[in-house]
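# Reading the structure
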Amino acid sequence: MRKVFLAFIFTLFLISFLLGRTNTTRAGMDTENIRYTSVKVEYGDSLESISEKYNNTGISDDEYIEQIMEMNGMDSNKVHPGCFILVSYKVDR
């Protein structure tokens, strides 16, 4: 019984150690220099055009659009003129 208990504790320790070492940043993004800003959506804008303008973070445009949608609680990739959305960008130091 004691061996089973020790094996269980060791397994939990190993799993927590491995999970703690997992890189949780998206696509190796350098989160140290990431900033956020609010962008006013203009007529003719789309998430694709906003991604082309602001995505300098090192992730793909599709991942960046997913990130924008997640940050802004969006269910659809449609944006409307006059609305403000939160976007991220990388600052060069």
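To be clear, the structure that these remarks concern was listed above.
Every chain is numbered on its own, with residues counted from 1 as its sequence reads. In view of the model being predicted, local features appear only for residues whose pLDDT reaches at least 70, and side-chain atom pairs are presented and counted only at 80 or more, with totals across whole chains, interfaces and linings using the full set of residues. Remark: hydrogens and water are excluded; side-chain values derive from all non-hydrogen atoms of the structure.

## A word on helix H2 (residues 47-54)
The test is simple: Burial status follows relative accessibility: with a 1.4 Å probe on protein chains alone, a residue under 20% of its type maximum counts as buried, one over 50% as exposed, and anything between as partly exposed. Each helix is a run of H or I in the DSSP string that is no shorter than four residues. Each strand is a run of E no shorter than two, and both are numbered from the N terminus. To be clear, the arc concerns the directions from the helix axis to the C-beta atoms.
Those residues of H2 not exposed but buried are Leu47, Ile50 and Ser51. Looking straight down H2, one finds its buried side chains confined to an arc of 105°; they lie on one side. Turned more than 90 degrees off the buried face of H2, the exposed positions are Glu52 and Lys53.

## As for the nonpolar core
Selection rule: The definition of a nonpolar core used throughout is a set of buried Ala, Val, Leu, Ile, Met, Phe, Trp, Tyr and Cys residues joined through side-chain atoms within 4.5 Å. Note on contacts: a residue pair qualifies if any of its non-hydrogen atoms lie within 4.5 Å across the two residues.
Counting residues in each nonpolar core, the largest one holds 13 residues, and the members touching the most others are Leu47, Ile50, Ile68, Met74, Ile85 and Val87. Looking at this core, the elements with two or more residues in it are H2, helix H3 (61-71) and strand E2 (84-90). Among the elements that make up this core, the one with the highest residue count is H3 (4 residues). Filtering out sequence-adjacent residues up to four positions away, Ile85 remains in contact with Thr37, Ser38, Val39, Val41, Leu47, Ile50, Ile68 and Asn72.

## What to know about the environment of Glu48
Considering the arrangement of structural elements, one finds Glu48 in helix H2. Each C-alpha atom, one on Glu48 and one on Ile65, is 7.2 Å from the other, the two residues being 17 residues apart in sequence. Other than its neighbours up to four places away in sequence, Glu48 contacts Ile65 and Asn77.

## Section: a negative patch on the surface
To be explicit about the condition: Patch definition: residues above 30% relative accessible area lacking any salt bridge, with like charges linked at up to 9 Å and the nonpolar side chains Val, Leu, Ile, Met, Phe, Trp and Tyr linked at up to 5 Å. Per-residue accessibility takes into account occlusion by the displayed protein chains alone, with areas from the Shrake-Rupley method and a 1.4 Å probe. In the sections that follow, a salt bridge refers to a side-chain nitrogen of Lys or Arg positioned within 4 Å of a carboxyl oxygen of Asp or Glu. Residues scored as positive are Lys and Arg, those scored as negative are Asp and Glu, and His as well as the terminal groups of each chain are ignored. In plain terms, the charge of a residue is placed at NZ if it is Lys, CZ if Arg, CG if Asp and CD if Glu.
A cluster of like negative charges, contributed by Glu48, Glu52, Asp61 and Asp62, occupies part of the molecular surface. Elements with a contribution of two residues or more to the negative patch: H2 and H3. Within the secondary structure, Asp62 is located in helix H3.

## Topic: the packing of H2 against H3
The line we're drawing: Fitting a line to C-alpha atoms yields each axis, with helices limited to the stretch in contact; the angle taken between N-to-C directions then spans 0 to 180 degrees. For classification, angles of less than 35 degrees are called roughly parallel, those exceeding 145 degrees roughly antiparallel, those between 65 and 115 degrees roughly perpendicular, and all remaining angles oblique. Classification used: nonpolar for Ala, Val, Leu, Ile, Met, Phe, Trp, Tyr, Cys and Pro, charged for Asp, Glu, Lys and Arg, polar for all others including Gly.
Between H2 and H3, whose axes approach to 10 Å, the crossing angle comes to 110°. For the element pair H2 / H3, the angle class is roughly perpendicular. Between H2, through Leu47, Glu48, Ile50, Ser51 and Tyr54, and H3, the contact on the second element is made entirely by Asp61, Tyr64, Ile65, Ile68 and Met69. Split by residue class, the contact of H2 with H3 holds 7 nonpolar, 1 polar and 2 charged.

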